[in-house]
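# Coordinate analysis (summary)
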Amino acid sequence: MHHCAQAVPLFRGLSEENILEIEGLLHEKTFGKGETLYEMESPSLLIIASGSLGVYQLSENGRQQLLRITGPGDYVGENILFGAVNESIYVEARAETKVCMLSQKDFRNLLLEKPELSLKLLEMSARRMKDLEDQARFLLMEDVGERLSTWLLSHSAGKKEITIPMKWKDLAEYLGTTPETLSRKLRKMENEGAIRKMGRKVTIVDEAKLSAVSF
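Given the structure is predicted, the values throughout are model-derived calculations rather than measurements.

## A word on the state of the cysteines
One pass over the full model with this rule turns up one disulfide. The disulfide partner of C4 is C100, and the gap between their sulfur atoms is 1.9 Å. Handedness of the C4-C100 disulfide follows from its S-S torsion of about 50 degrees: it is right-handed. With C4 in helix α1 (residues 4-7) and C100 in strand β7 (residues 97-103), the pair connects residues that are 96 residues apart, well separated along the chain. Across the pair, C100 and C4 agree in class, each one buried.

Take a look at the structure:
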């Protein structure tokens, strides 16, 4: 059994005894790449032990939009546990993925017994909501170059160097474009002296040029 509870920020600060108690409530399951999770399981908090899950939303015309990617130590499913079911959202394994499952009943009991978890859950949910609001703002921009430059500047937090927290093709999907278009925009930004890219590290060379959105 993976020690899932120890890796989850939601449970940090609990005593070792509490962590062991939570570990005893978890059930492990493996999903194959491309497998959709919520079609086959009763409501559960899913903690990622290894691998990666993608959270997607389908538009009315069937277009798929990546909302976020989760990796080891992250979790999904808390909204469903509270009855906030959005049928346009689904979770898919992006690679072979092991998850630790905490049932709805056990999760609710934990929140009742340990009020500090409820506060942490609210804080983390608020951060996720902000990320969704930011993404919605990016997607309203018609120009892909503007989406990319705005995303880079918002993630720089005043620093010159950014480590992209996902694969480039995943960032393209997140920004509602194709890897080819994203690659083209990045090359143009480099050619115009706005950024320098090496692997998944981007250095902002000229913030004014990047803000000008002429890509």
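There is more to say after this.
## Observations regarding the sheet that holds strand β5 (residues 75-76)
Judged by pairing direction, the sheet is antiparallel, and its four strands sit side by side in the order β1-β7-β2-β5 without closing on themselves. For this open sheet the edge positions go to β1 (27-31) and β5, each flanked by a neighbour on one side alone. As paired strands, β1 and β7 are joined by five bridges and run antiparallel to one another. Note on β7: the bridge partner recorded for H27 is M101. Set on the sheet, helix α4 (residues 104-113) makes contact with β2 (44-50) and β7; between it and β7 the angle comes to about 65 degrees.

## Remarks on the sheet that holds strand β8 (residues 161-163)
In spatial order, the strands read β8-β10-β9; together these three strands make up an open sheet with antiparallel pairing. What marks the edges here is a single partner per strand, and that holds for β8 and β9 (195-198). The average angle at which neighbouring strand axes cross in this sheet is 20 degrees, direction not considered. Strand direction decides the pairing type here: β8 and strand β10 (residues 201-204), joined by three bridges, are antiparallel. From the neighbouring strand, T163 faces β10, where its bridge partner is K201. Sheet strands in contact with helix α6 (residues 144-156) are β8 and β10, and its direction is about 90 degrees off that of β10.

## A word on the environment of A7
Locating A7 in the fold gives a position in helix α1. For the pair formed by A7 and D74, sequence separation is 67 residues and the distance between their alpha carbons is 8.0 Å. Apart from residues no more than four positions distant in its own chain, A7 is found in contact with R12 and G73.

## Some points on helix α2 (residues 16-23)
Within α2 the residues assigned to the buried category are N18, I19, I22 and E23. Seen end-on, α2 carries its buried residues on one side only, within an arc spanning 140 degrees. Facing away from the buried side of α2 by over 90 degrees, the exposed positions are E17 and L20. Where α2 is buried, its residues contact α1 and α4.

## Considering the packing of helix α5 (residues 115-140) against α6
Between α5 and α6, whose axes approach to 9 Å, the crossing angle comes to 150 degrees. Between α5 and α6, the crossing angle belongs to the class labelled roughly antiparallel. Seen from above, α5 lies across α6 with right-handed handedness. Of the residues in α6, those in contact with R137, F138 and L139 of α5 are R147, T150, W151 and S154. Here the residues of the contact of α5 with α6 are counted per class, giving three nonpolar, two polar and two charged.

About the thresholds
- Residues numbered from 1 in each chain as written.
- Predicted model: local features only at pLDDT ≥ 70, side-chain atom pairs only at ≥ 80, totals over all residues.
- Heavy atoms only, no water.
- Disulfide = S-S within 2.5 Å.
- Helix = DSSP H or I, 4+ residues; strand = E, 2+ residues; numbered from the N terminus.
- Buried < 20%, exposed > 50% of the residue type's maximum accessible area, 1.4 Å probe, protein only.
- Pairing = 2+ DSSP bridges.
- Contact = heavy atoms within 4.5 Å.
- Axes fitted to C-alpha atoms, helices over the stretch in contact; angles between N-to-C directions.
- Arc of directions from axis to C-beta.
- Parallel < 35°, antiparallel > 145°, perpendicular 65-115°, else oblique.
- Left-handed = near helix turned anticlockwise from the far one by under 90°.
- Nonpolar A, V, L, I, M, F, W, Y, C, P; charged D, E, K, R; others polar.

No statement about biological role is implied by the geometric values presented.
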